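Listed here are the chains, written in short residue letters.
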Amino acid sequence: MIRTLVLLAAVIVGLACATTVSEKDRAAARLRYGIGVSAFQQGDQRTALQELLAAVATFPDYAEAHNALGLVYHAMGRRVEALRHYDRAVELLPGFSEAHNNRGVLLLDLGRYDDAVIAFERALADILYPTPFFAEAHLGWAYYKKGAVERGLKHLRNAVATSPTFCRGYAWLAEISLATGQADQALAYCKRFIKHCLENEAIAPGVPPAFRRQMSLLLGQAHLALGQKPEARAALEGCAGDEGGDTEVAAKCAQLRSTLD
């Protein structure tokens, strides 16, 4: 009798804890999700965080909102919270390729390269994933970081072949080429970046100044490694200044530029 009462009590508690989200609440959560995503895209992280937290408070199983929260927390440098929300997103939707990719990027930042590879491979497993080159490029970088250089290069090359305007891919390919003593390849990738990203009127406005400086540094390093000093000087002069930019990259450019005087 006592055992029966205990079991009955457990069932009652379980039913009491179970919640059903109404369509009205789902609609409210979707509205706040849209506001949060828009705020994040405009650089307003605080508003984005407030709206997205409100969305998951109203609709706890909203996978897309958890993924967006992961992005916001990651951008804020709060990696523990970001990973928790990415984990929840893929738990709710195991085939959520975008969340797997975003989770993999965070794992890369955490130095968990083996786990990052798994995340990117799960993203690529979805044949309907609209931007597979993102995941493939990140997969290539993860393999490189864990020491599988050729495997990493293969995936990165596939990514830029699939999407020639995926600018970040050229940076990674140039960086790996320089690190492995293939300055000629690094130069070729920098030139492809210029052609497909800087000379493309539709793409160029969206290339951040900091990324332009990074590519100028890689271009200068490639020219320098090949003994092409005038070309190296021209490239490095383009990134040695620090007009609202990355002081570390600017310092590297200035230091290399000084060796050419």
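Before going into details, it helps to say that this report is about the structure given with it. On a predicted model such as this, the values are computed, not experimentally measured, just so you know. (Residues numbered from 1 in each chain as written. Predicted model: local features only at pLDDT ≥ 70, side-chain atom pairs only at ≥ 80, totals over all residues. Heavy atoms only, no water.)

**What to know about the overall build of the protein chain**
- Along the protein chain, the regular secondary structure elements total 14 helices and zero strands.
- Put simply, the protein chain runs from its N terminus to its C terminus through helices and strands in the order α-α-α-α-α-α-α-α-α-α-α-α-α-α.
- In terms of overall dimensions, the protein chain is more spread out than a globule: its C-alpha atoms have a radius of gyration of 23 Å, far above the 18 Å expected for 261 residues.
- The principal-axis extent of the C-alpha atoms belonging to the protein chain is close to 90 × 35 × 30 Å.
- When burial is assessed residue by residue, the protein chain has 39% of its 261 residues classed as buried.
- Total accessible area on the protein chain is roughly 14100 Å²; 55% of this is exposed by carbon and sulfur atoms.
- If the 28 positive side-chain charges of the protein chain are averaged to one point and the 28 negative ones to another, these points end up 3 Å apart. (Helix = DSSP H or I, 4+ residues; strand = E, 2+ residues; numbered from the N terminus. Rg over C-alpha atoms; globule rule 2.2 N^0.38 Å. Buried < 20%, exposed > 50% of the residue type's maximum accessible area, 1.4 Å probe, protein only. Areas by Shrake-Rupley, 256 points an atom, 1.4 Å probe, with all protein chains shown as cover. Lys, Arg positive; Asp, Glu negative; His and termini not counted. Charge placed at Lys NZ, Arg CZ, Asp CG, Glu CD.)

**Regarding the state of the cysteines**
- For the coordinates displayed, the defined rule picks out two disulfides.
- With a sulfur-sulfur separation of 1.8 Å, C239 is cross-linked through a disulfide to C253. On the S-S bond that ties C239 to C253, the torsion sits near -100 degrees, and the link is left-handed. In this pair, C239 is assigned in the loop between helix 13 (229-237) and helix 14 (247-258) and C253 in helix 14, connecting sequence segments 14 residues apart. (Disulfide = S-S within 2.5 Å.)

**With respect to the packing of aromatic side chains**
- Within the structure shown, the criterion is met by eight aromatic pairs.
- With a centroid separation of 4.7 Å and 45 degrees between ring planes, the pair formed by F133 and F134 is classed as tilted.
- Judged by its relative accessible area of 16%, F133 is buried.
- Judged by centre distance (5.3 Å) and plane angle (15 degrees), the rings of W141 and W172 are stacked. Pair noted here: W141 is in helix 8 (residues 132-145) and W172 is in helix 10 (residues 167-179), with a separation of 31 residues, a long-range link.
- Using a relative accessible area of 12% as the deciding quantity, one classes W141 as buried. (Phe/Tyr/Trp six-rings, centres within 6.5 Å; stacked < 30°, edge-to-face > 60°.)

**Observations concerning helix 4 (residues 63-75)**
- With 13 residues, helix 4 ought to run about 18 Å at 1.5 Å a step, and its terminal C-alpha atoms sit 19 Å apart, in line with that.
- Of all 13 residues that make up helix 4, 10 are buried, and the element is covered over most of its length.
- Those residues of helix 4 that sit buried are A63, A65, H66, N67, A68, L69, G70, V72, Y73 and H74.
- G77 occupies a position one or two residues after helix 4 and carries a positive phi of about 80 degrees. (Expected span 1.5 Å × (residues − 1).)

**Some thoughts on the pattern of salt bridges**
- According to the stated counting rule, one finds 10 salt bridges in the structure shown.
- Between R112 and D115 there is a salt bridge; the shortest N-O distance is 3.0 Å.
- A salt bridge links E248 to K252; the nearest nitrogen and oxygen atoms lie 3.8 Å apart. With E248 and K252 both in helix 14 and four residues apart, this pair spans about one turn of that helix.
- Via salt bridges that share partners, D61, R88 and E91 belong to a single interconnected network. (Salt bridge = Lys/Arg side-chain N within 4 Å of Asp/Glu carboxyl O.)

**Focus on the side chain of N101**
- Tracing the backbone shows N101 in helix 6 (residues 97-109).
- Note on N101: relative accessible area 4%, which makes it buried.
- Polar contacts involving the side chain of N101 include one to the side chain of H138, which spans 3.3 Å.
- Setting aside residues up to four positions removed in sequence, N101 forms contacts with F120, A123, Y129, F134, A135 and H138. (Polar contact = N/O pair within 3.5 Å; in protein donor to acceptor, adjacent residues only side chain to side chain. Contact = heavy atoms within 4.5 Å.)

**Things to note about the nonpolar core**
- Residues F193, F211 and M215 are the most contacted members of the largest nonpolar core, which totals 57 residues.
- One finds C239, V249, C253 and L256 within the second-largest nonpolar core, a separate group that totals eight residues. (Core = buried A, V, L, I, M, F, W, Y, C linked by side-chain atoms within 4.5 Å.)

**Let's talk about the environment of V149**
- Looking at where V149 falls in the secondary structure, it is placed in helix 9 (residues 149-162).
- Given a relative accessible area of 25%, V149 falls into the partly exposed group.
- Residues V149 and H66 lie 83 residues apart in sequence; the distance between their C-alpha atoms is 33 Å.
- In contact with V149, not counting residues within four places along its chain, are Y144, I176 and T180.

**Structural notes on the packing of helix 5 (residues 79-92) against helix 6**
- Relative to each other, helix 5 and helix 6 sit at 150 degrees, their axes nearing to 9 Å. Of the possible angle classes, the one that applies to helix 5 and helix 6 is roughly antiparallel. The crossing of helix 5 and helix 6 is left-handed. Residues R79, A82, L83, Y86, D87, A89 and V90 of helix 5 form the contact with helix 6, whose own contacting residues are A99, H100, N102, R103, L106, L107 and D109. (Axes fitted to C-alpha atoms, helices over the stretch in contact; angles between N-to-C directions. Parallel < 35°, antiparallel > 145°, perpendicular 65-115°, else oblique. Left-handed = near helix turned anticlockwise from the far one by under 90°.)

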